[in-house]
2 protein chains.
Amino acid sequence: MADKGLLIVVSGPSGVGKGTVLAEILKDENIFYSVSATTRNPREGEVDGVNYHFLTKEKFEELIADNGMLEYATYCDNYYGTPRKAVEDKLAEGKDVILEIEVQGAMNVKKSFPEAMMVFILPPSVSELRRRLNKRGTETEEVVNKRVAEAVGEIKKAENYDYVMINGDLDEAVETLKSIIIAEKQTIKRAGKIIGEVLENA
Amino acid sequence: MADKGLLIVVSGPSGVGKGTVLAEILKDENIFYSVSATTRNPREGEVDGVNYHFLTKEKFEELIADNGMLEYATYCDNYYGTPRKAVEDKLAEGKDVILEIEVQGAMNVKKSFPEAMMVFILPPSVSELRRRLNKRGTETEEVVNKRVAEAVGEIKKAENYDYVMINGDLDEAVETLKSIIIAEKQTIKRAGKIIGEVLENA
């Protein structure tokens, strides 16, 4: 039977480039991206099951009641959360699963799933993060200021993660995250059992 | 100033292919291989400073007295050890340093250098290790039996290492060890200080 996969929690402030890094990581077919669930309405172009699982409030609350959410939160009167079943099924198949979630949700996952590996992606500096947010050109200065302030608050919580890494150069960041996923599986706490397996055939 | 390099201790039983894996890793010019010192006589073809630093007994004992050895041991009436200065100089330059040493020496390094990262390379199985030792064709069955028995003893101590990995396929083992070196530097205990550096420029 295949070993259980690794649950990989990735956080980082808006504008740090998590999506771009993860798009490269997800080219590996043994890594599964956990799609969040929400009760908000789909925006134009959003596809159910790709961007989010769009659920009714009743269905979402039923899942909460059945312990069907690994973590959830409310934001602007809508629920957002991580459905437990898809995650556990993929892990049982031996696939690694990536959860891209914000800091509070990540801490909640760690509580209900202590064997999760937590990675925080940092910008090279706060001023560089501001530059990236401005470059998008889609947001007013006020919104950018708010995002930067939120980012500083999140970055301060990065010390609760297992790994921190900077997304300065994309290729380097992708290599680093790939390396973390490979290496974490060889840590003595996760791979110690192979010692016995090697000796069994003595 | 460059960050301090990582001290990488690699152990594994005779025949596991440590040398072949490390030869690939050492193509990276930022990784330095620590050459051991010994008081035994050079064998034909051995070069001072490459295979070993060949020292007199007096010089070796002087280094021990001056705390100039990170670890040392005696074997067949000769000293073997790791000169401290070259290791510390390279680490201070920001280079990573690899020590390829047996289990007891590795444990001694960990005591005097707790920030060392310890990696144990395992064979896929003990029978495969025996096959590899036989394949060399240079040793009698008696010697192979002795090596296998020693290997089993060493493998049992692998649980004291930070990482364990199997050398089954060479390319895979090289990628795994490279990944471990990259990832270890991003663990929160080693990289946590970058959080403050990123925030400094808020």
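See above for the structure.
Residues numbered from 1 in each chain as written. Chains lettered and ligands numbered in written order. Predicted model: local features only at pLDDT ≥ 70, side-chain atom pairs only at ≥ 80, totals over all residues. Heavy atoms only, no water.

Visitor: Got a minute to help me understand the nonpolar core in this structure?
Guide: The nonpolar side chains of a soluble globular protein tend to be buried with one another. The biggest cluster of nonpolar side chains holds 106 residues, and the ones touching the most others in it are Leu7 and Leu99 of chain A together with Leu7 and Leu99 of chain B. Among residues more than four places away in sequence, those in contact with leucine 99 of chain A are Leu7, Ile8, Val9, Val10, Ser34, Leu70, Thr82, Val87 and Val109 of chain A. (Core = buried A, V, L, I, M, F, W, Y, C linked by side-chain atoms within 4.5 Å. Buried < 20%, exposed > 50% of the residue type's maximum accessible area, 1.4 Å probe, protein only. Contact = heavy atoms within 4.5 Å.)

Visitor: Looking at this model, I keep getting lost on the sheet that holds strand S9 (residues 163-166) of chain A. Mind explaining?
Guide: Sheet strands pair by backbone hydrogen bonding; their relative direction is either parallel or antiparallel. Residues and elements named next belong to chain A. An order of S2-S7-S1-S8-S9 is seen for the five strands of this open sheet, with the pairing classed as parallel. Edge positions in the open sheet fall to strand S2 (31-33) and S9, since each of these has one partner strand only. For this sheet, the mean angle separating the axes of adjacent strands, direction not counted, is 25 degrees. Here strand S1 (residues 7-11) runs beside strand S8 (residues 117-122); their pairing, made up of four bridges, is parallel. Looking at the pairing, serine 11 lines up with phenylalanine 120 of S8. (Pairing = 2+ DSSP bridges. Helix = DSSP H or I, 4+ residues; strand = E, 2+ residues; numbered from the N terminus. Axes fitted to C-alpha atoms, helices over the stretch in contact; angles between N-to-C directions.)

Visitor: So what exactly am I meant to see when it comes to the environment of glutamate 29 of chain A here?
Guide: All names here are of chain A. One can find glutamate 29 in the loop between helix H1 (18-25) and S2. On the accessibility criterion, glutamate 29 (68% relative accessible area) is exposed. Once the C-alpha coordinates of glutamate 29 and serine 11 are considered, the two residues, 18 residues apart in sequence, prove to be 21 Å apart.

Visitor: Any chance you could explain the relation of the copies chain A and chain B here in plain terms?
Guide: Here the two chain copies are tied together by a rotation about an axis and a shift along that axis. Once turned by 180 degrees and shifted 0.0 Å along the axis, chain A lies on chain B with an RMSD of 0.0 Å. A rotation of that kind, with that shift, is consistent with a two-fold axis. Relative to the rotation axis, the C-alpha of serine 179 of chain A is the closest in chain A, positioned 2.1 Å from it. Mapped onto chain B, 100% of the interface residues of chain A again fall at the interface, so both copies present the same surface. (Least-squares fit on C-alpha atoms with pLDDT ≥ 70 in both.)

No statement about biological role is implied by the geometric values presented.
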